[in-house]
Amino acid sequence: MNNKEKINLIRGFKALRPITEKANEVIAPPYDVINSEEARVLAENKPFSFLHISKPEIDLPKDIQFNDPLVYQKGLENLQRLIDDEVLLEDKEPTLYIYQIVIKDHIQTGVCSVASVEAYDNNLIKKHEHTKPVKEEDRIKNIDALNAQTGPVLLTYPDDESIDGLINDVTLETKPIYDVFSGDGSNHKIWIIEDSDIVKLLLNKFNSLDALFIADGHHRSAAASKIKAIRQKANENHNGNENYNYFLSVAFPTSQMKILDYNRLLLSMNNHTVDSILDQISQFFDIKNNQEQVRPMHSKEFGMYLDGHWYQLNFKLETETFGPVDSLDVSILHDYLLEPILGIEDERTDETIDFVGGIRGLDELERRVDSGEMKIAFSLYPTSIESLIAVANADQVMPPKSTWFEPKLLDGLLTHNIV
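Below, the structure is looked at part by part. These figures come from a predicted structure and were not determined experimentally.

**A few points about the pattern of salt bridges**
Summed over all chains, the structure comprises 19 salt bridges. A salt bridge links Lys-62 to Glu-37, with the shortest nitrogen-to-oxygen separation between them at 4.0 Å. Note that Lys-62 is positioned in the loop between α4 (51-54) and α5 (69-84) and Glu-37 in helix α3 (residues 36-43), a separation of 25 residues in sequence. Across the pair Asp-216 and Lys-408 runs a salt bridge, and its minimum N-O distance is 3.3 Å. With a gap of 192 residues between them, Asp-216 in strand β11 (residues 212-216) and Lys-408 in the loop between β20 (404-405) and β21 (415-417) connect regions that are remote in the sequence. The class for Asp-216 is partly exposed, based on a relative accessible area of 24%. A network of salt bridges, in which partner residues are shared, links Glu-37, Arg-40 and Lys-62.

**Some points on the sheet that holds strand β16 (residues 301-306)**
Note on sheets: strands pair through backbone hydrogen bonds, and any given pair is parallel or antiparallel. Here we have six strands laid out as an open sheet, ordered β15-β17-β16-β19-β14-β18, and antiparallel in their pairing. The two strands at the open ends of the sheet, each matched to only one other strand, are β15 (285-290) and β18 (353-357). Across the sheet, the mean angle separating the axes of adjacent strands is 25° when strand polarity is ignored. In this structure, β16 lies alongside strand β17 (residues 309-315), joined through six bridges in antiparallel fashion.

**Focus: the pairing of β18**
When you tally the buried positions in β18, you get four out of five residues, the bulk of the element. One ladder, built from five bridges, connects strand β14 (residues 262-266) with β18; its direction is antiparallel. Paired with Asn-263 across the strands is Val-356, a residue of β18.

**Digging into helix α7 (residues 133-146)**
Helix length check: α7 (14 residues) gives 20 Å between terminal C-alpha atoms against 20 Å at 1.5 Å per residue, within 8%. Along α7, the residues that are buried comprise Glu-136, Asp-138, Arg-139, Ile-140, Asn-142, Ile-143 and Leu-146. Each element contacted by the buried residues of α7 is listed here: α4, α5, β7 (148-149) and α10 (218-234). At the exit of α7 stands Asn-147, carrying a positive phi of roughly 55°.

**With respect to the pairing of β17**
Here β17 lies mainly inside the structure; six of its seven residues are buried. Counted along the chain from β16 to the antiparallel partner β17, the turn is two residues long, and its residue Asp-307 has a positive phi close to 55°.

**So, the sheet that holds β7**
The antiparallel open sheet is built from four strands, whose spatial order is β3-β2-β21-β7. Every interior strand has two partners, whereas the edge strands, β3 (88-90) and β7, have only one. Across three bridges, strand β2 (residues 15-18) lies against β3 in antiparallel orientation. When the bridges of β3 are listed, Arg-17 appears paired with Leu-89.

**Notes on the packing of α5 against α7**
Running from amino to carboxyl end, α5 crosses α7 at an angle of 40°, the nearest separation of the two axes being 9 Å. Relative to α7, the element α5 is oriented oblique. Remark: the crossing between α5 and α7 carries right-handed chirality. Where α5 abuts α7, its residues Tyr-72, Gly-75, Leu-76 and Leu-79 lie against Asp-138, Lys-141, Asn-142, Ala-145 and Leu-146. For the contact of α5 with α7, the per-class residue count stands at five nonpolar, two polar and two charged.

Criteria and cut-off values
Residue numbers here run from 1 along each chain, matching the order of that chain's written sequence. Per-residue local features of the predicted model are confined to residues with pLDDT of at least 70, and side-chain atom pairs are confined, for both listing and counting, to 80 or more; whole-chain, interface and lining totals are unaffected and use all residues. Water and hydrogen atoms were dropped before computing side-chain values, which therefore reflect all heavy atoms in the structure. Should a side-chain nitrogen of Lys or Arg be within 4 Å of a carboxyl oxygen of Asp or Glu, the pair is scored as a salt bridge. Secondary structure elements are defined from DSSP: runs of H or I of at least 4 residues count as helices, runs of E of at least 2 residues count as strands, and each element is numbered from the N terminus. Type-normalised accessible area, obtained with a 1.4 Å probe on protein chains alone, sets the label of each residue: buried when under 20%, exposed when over 50%, and partly exposed for intermediate values. Here a strand pair is declared whenever DSSP counts at least two bridges between the two strands. Every axis corresponds to a line fitted to the C-alpha atoms, with the helix fit spanning only the stretch in contact, and the corresponding angles, defined between N-to-C directions, vary from 0 to 180 degrees. One fewer than the residue count of a helix, multiplied by 1.5 Å, yields its expected span. Residue contacts are defined here by distance: any two heavy atoms, one from each residue, within 4.5 Å place the two residues in contact. Angles below 35 degrees are treated as roughly parallel, those above 145 as roughly antiparallel, those between 65 and 115 as roughly perpendicular, and all remaining angles as oblique. Crossing handedness is read from the near helix: turned anticlockwise from the far helix by less than a right angle, it gives a left-handed crossing, and turned clockwise, a right-handed one. Gly falls in the polar group here, along with every residue not listed as nonpolar (Ala, Val, Leu, Ile, Met, Phe, Trp, Tyr, Cys, Pro) or charged (Asp, Glu, Lys, Arg).

In structure tokens:
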């Protein structure tokens, strides 16, 4: 069976979204980039903040576990309250939306739709990461309780001038329904596409693509797949058109995607001294002592912060014969340093390693090592979008925490009901 010919990748939907005058009070950062304490602070005295839905533990005792059944029930109560108060309203007809983010000199403009779980299950919406079972289970319970998907999956697709042209027809000729600023200074605009001809043309263009690629949101898409399977089994009249067959997504062209570094911190030196670590590292890396912070300027270059000093590490081996995963900087660091020297076998489960997105800067690495919280830090060059697509096309997966996409999509502007 040729799945590409028989399975559409996306379709339009009726967004559940805030009334325009309340949008600034509703918007929230993604649930997975802040912790519960940060969410409590951000949502203080903001009854309409979407954090009451995406991080509902903030409205419960502080000692409650994030996956306690009461948390999911509270999220549903908070969502229903915003619906009952008519802060959130659902559009009357299914359509597509244009989502644009501007931060400093970076602009990315994409299409918000719902993506097909069937296409995902058939690898036409391609993955590049494993999921963590506990995080996937959390998203399953969240979606199931809310009967809604509140956080969009970030997708990317090969640049297409005809899609760009259709997007421009909307953004240049109509006014956005939202024009809001996030806490990081990024400007988020959304247009609703009211021209049915443009909707049809965009759907035809996207559904003619060979594939879409997940950039960020593997747990959300995996959870949507599990929810679809559960609800399909329980629905004797299942026909494939139900909303639970799709998941909320925003797709941007690859040339507009911005990936930052994803750095590593270790709690232990695996019984090494500074001298013994440097001695072992020198087998596969050229080492240079640096007076300033080391922000790698190209692939196969790494920074290491240890005992108050920065070191520049350059990988010695040629990588032309390496596969798409083995050639990634995150893989090289793991295979030639973190595992053999520092004893990190599985970065997904080892509790002595932590990850810091590049948005926090190298000062954060220094701070956590200098404080004694961590022992050693590594800075990396960002993984390229081309590498991500190469791995996905090879049906392989990257090591955990290989990519940090920035800027982030906001929660609260567009929600997808699955009933």
